[in-house]
Amino acid sequence: MSYHIESADGVMTFTIDRPHIRNAVNDEIIDGMEELVRSAGKSEVRLVIVTAAGDQAFCSGGDLSVFHALRTEEEAYPMLKRMSQALYALKTLPIPVIALVNGTAVGGGCEIATACDYRLVKAHAKCGFVQGNLVITSGWGGGTYLFEALQHDHALQMLGEARLYTADELETNGWATKVIRSPKDIDVFLSQMKKVRPEVHRAYKEMAIRKWKETNLEGRVEEEVRRCAQLWAEDAHHEAVDKFLNKTNQ
Ligand SMILES: C[C@@H](C(=O)O)C(=O)SCCNC(=O)CCNC(=O)[C@H](O)C(C)(C)COP(=O)(O)OP(=O)(O)OC[C@H]1O[C@@H](n2cnc3c(N)ncnc32)[C@H](O)[C@@H]1OP(=O)(O)O
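Residues numbered from 1 in each chain as written. Predicted model: local features only at pLDDT ≥ 70, side-chain atom pairs only at ≥ 80, totals over all residues. Heavy atoms only, no water.

Looking up the chain in an unreviewed UniProt entry gives the name Ethylmalonyl-CoA decarboxylase, with the organism given as Planococcus salinus. According to the UniProt record, the Sequence similarities (unreviewed entry) comment for the chain reads "Belongs to the enoyl-CoA hydratase/isomerase family." Looking at the Function (unreviewed entry) heading of the UniProt record, one finds this comment for the chain: "Decarboxylates ethylmalonyl-CoA, a potentially toxic metabolite, to form butyryl-CoA, suggesting it might be involved in metabolite proofreading. Acts preferentially on (S)-ethylmalonyl-CoA but also has some activity on the (R)-isomer. Also has methylmalonyl-CoA decarboxylase activity at lower level." (UniProt positions renumbered as here; feature names shortened; annotations may be inferred.)

Right under this line is the structure:
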């Protein structure tokens, strides 16, 4: 199984479990994300945590060895759309959602974390919207969410530079809620959250969701998905992915 969903004490934890491939997202992970949002929406869950196995990587984005088979805009769009819908549902859950960024997050991995309300980033983790190096944009809604989360110039710079940022840089530009230097830091964060009753967290999250609905967040994500699907079909993108896959296969 490529993922696990566990529930304890009102906290539902989603763990991507493909560390050998840096927790890249395949179709099964997308299934898992859909299952997560269904379960978290229904039960007595007060908090969701999204994380991954091992300490090397949180997520390296789409599994290029699988999704590279998608060649045209018409082929790329359904995959991008489906994951974008799962992440929109995650973002608009009426409970706090925390990304526990246990290691490197790149490409779509950063998009998953950006769809969450909070990003707790382990001190060794490097993260970046590297899609620009593959001559595409973010395509799961993460670019749109980044403009919601960060000051405009910080968001545009992070997307435009397409490089890995250190945890300290991520704290400075506002992407990291907190840099995690020891496991105790996570406990402190969670116990502070748990001091406040779930219905209060829910009411605050609903305020944010109202704003996102009024500003047509969902429609803006759709534009992001469509534009990424167009770029996906270009030769320059396929050549860049070939280069990555051939480099790592050698
Ligand atoms: C869908 C789209 C979107 O945003 O909407 C995207 O996500 S585009 C996807 C954007 N993602 C990327 O461009 C990811 C590129 N990956 C990397 O830059 C790197 O792998 C890091 C994630 C920084 C990890 O570097 P590190 O030196 O630790 O490991 P490595 O590069 O040797 O990777 C270990 C093994 O995992 C594989 N691997 C890593 N990331 C992968 C990915 N996203 N898809 C498929 N395979 C991947 C490598 O090919 C290698 O396979 P072997 O062991 O067989 O050699």
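Having seen it, we continue.
Attention shifts here to the sheet that holds strand 2 (residues 11–16). Here we have 6 strands laid out as an open sheet, ordered 1-2-3-5-7-9, and mixed in their pairing. Each edge of the open sheet carries a strand with a single partner, namely strand 1 (3–8) and strand 9 (178–180). Neighbour to neighbour, the strand axes of the sheet diverge by 20° on average, direction disregarded. (Pairing = 2+ DSSP bridges. Helix = DSSP H or I, 4+ residues; strand = E, 2+ residues; numbered from the N terminus. Axes fitted to C-alpha atoms, helices over the stretch in contact; angles between N-to-C directions.)

A few words on unusual backbone geometry. Its identity as a non-glycine residue notwithstanding, alanine 162 has a phi of 50°, on the positive side. Along the chain, the position of alanine 162 falls in the loop between helix 6 (152–161) and helix 7 (167–173). By relative accessible area, which is 8% here, alanine 162 ends up buried. Phi at asparagine 216 takes a positive value of approximately 50°, unusual for a residue other than glycine. In this structure, asparagine 216 sits in the loop between helix 9 (198–214) and helix 10 (217–232). Assessed through its relative accessible area of 46%, asparagine 216 is described here as partly exposed. (Buried < 20%, exposed > 50% of the residue type's maximum accessible area, 1.4 Å probe, protein only.)

Core analysis: the biggest nonpolar cluster contains 69 residues, and Val48, Val50, Phe58, Leu90, Val101, Ile112 and Trp175 have the highest contact counts within it. Ranked by residues supplied to this core, first place goes to helix 3 (residues 73–91) with 9 residues. If we ignore the near neighbours within four places in the chain, the residues touching leucine 90 are Met33, Leu36, Val37, Val48, Val50, Val97, Ala115, Cys116 and Lys205. In this structure, Leu100, Leu120, Phe189 and Met193 belong to the second largest nonpolar core, which totals 11 residues. (Core = buried A, V, L, I, M, F, W, Y, C linked by side-chain atoms within 4.5 Å. Contact = heavy atoms within 4.5 Å.)

Before going further, it helps to examine the sheet that holds strand 6 (residues 104–106). Ordered by their spatial adjacency, 3 strands build an open sheet running 4-6-8, and the pairing between neighbours is parallel. A strand with exactly one partner marks an edge of an open sheet, and here the two such strands are strand 4 (57–59) and strand 8 (127–128). As paired strands, strand 6 and strand 8 are joined by 2 bridges and run parallel to one another. Residue pairing across strands places valine 106 opposite glycine 128, the latter belonging to strand 8.

Our next topic: the pairing of strand 7 (residues 118–122). The sheet contact formed by strand 5 (residues 97–101) and strand 7 spans 4 bridges and is parallel. If you follow leucine 100 over to strand 7, its bridge partner there is leucine 120. Two elements, strand 7 and strand 9, share 3 bridges in a ladder whose sense is parallel. The residue bridging leucine 120 from the neighbouring strand is lysine 178, located in strand 9.

Before going further, it helps to spend a moment on the pairing of strand 2. Counting buried residues along strand 2, 6 of its 6 residues qualify, which places the element largely inside the surrounding structure. By the alternation rule, side chains of strand 2 split into Val11, Thr13 and Thr15 and Met12, Phe14 and Ile16, which are all buried. With 6 bridges connecting them, strand 1 and strand 2 associate as antiparallel partners. Directly across from glutamate 6, in strand 2, lies its bridge partner threonine 13. By the bridge criterion, 6 bridges tie strand 2 to strand 3 (residues 47–52) in an arrangement that is parallel. Of the residues in strand 3, the one forming a bridge with isoleucine 16 is alanine 52.

Once that is clear, we can look at the pattern of salt bridges. Scanning the model with the defined rule gives 13 salt bridges in all. Two residues, aspartate 9 and lysine 194, come together in a salt bridge whose shortest N-O distance is 3.7 Å. Of the two residues, aspartate 9 sits in the loop between strand 1 and strand 2 while lysine 194 sits in helix 8 (residues 183–194), which places them 185 residues apart along the sequence. Taking relative accessible area as the criterion, aspartate 9 reaches 64% and is therefore assigned exposed. On the accessibility criterion, lysine 194 (33% relative accessible area) is partly exposed. One salt-bridge network, in which partners are shared between bridges, spans Asp31, Glu34 and Arg82. (Salt bridge = Lys/Arg side-chain N within 4 Å of Asp/Glu carboxyl O.)

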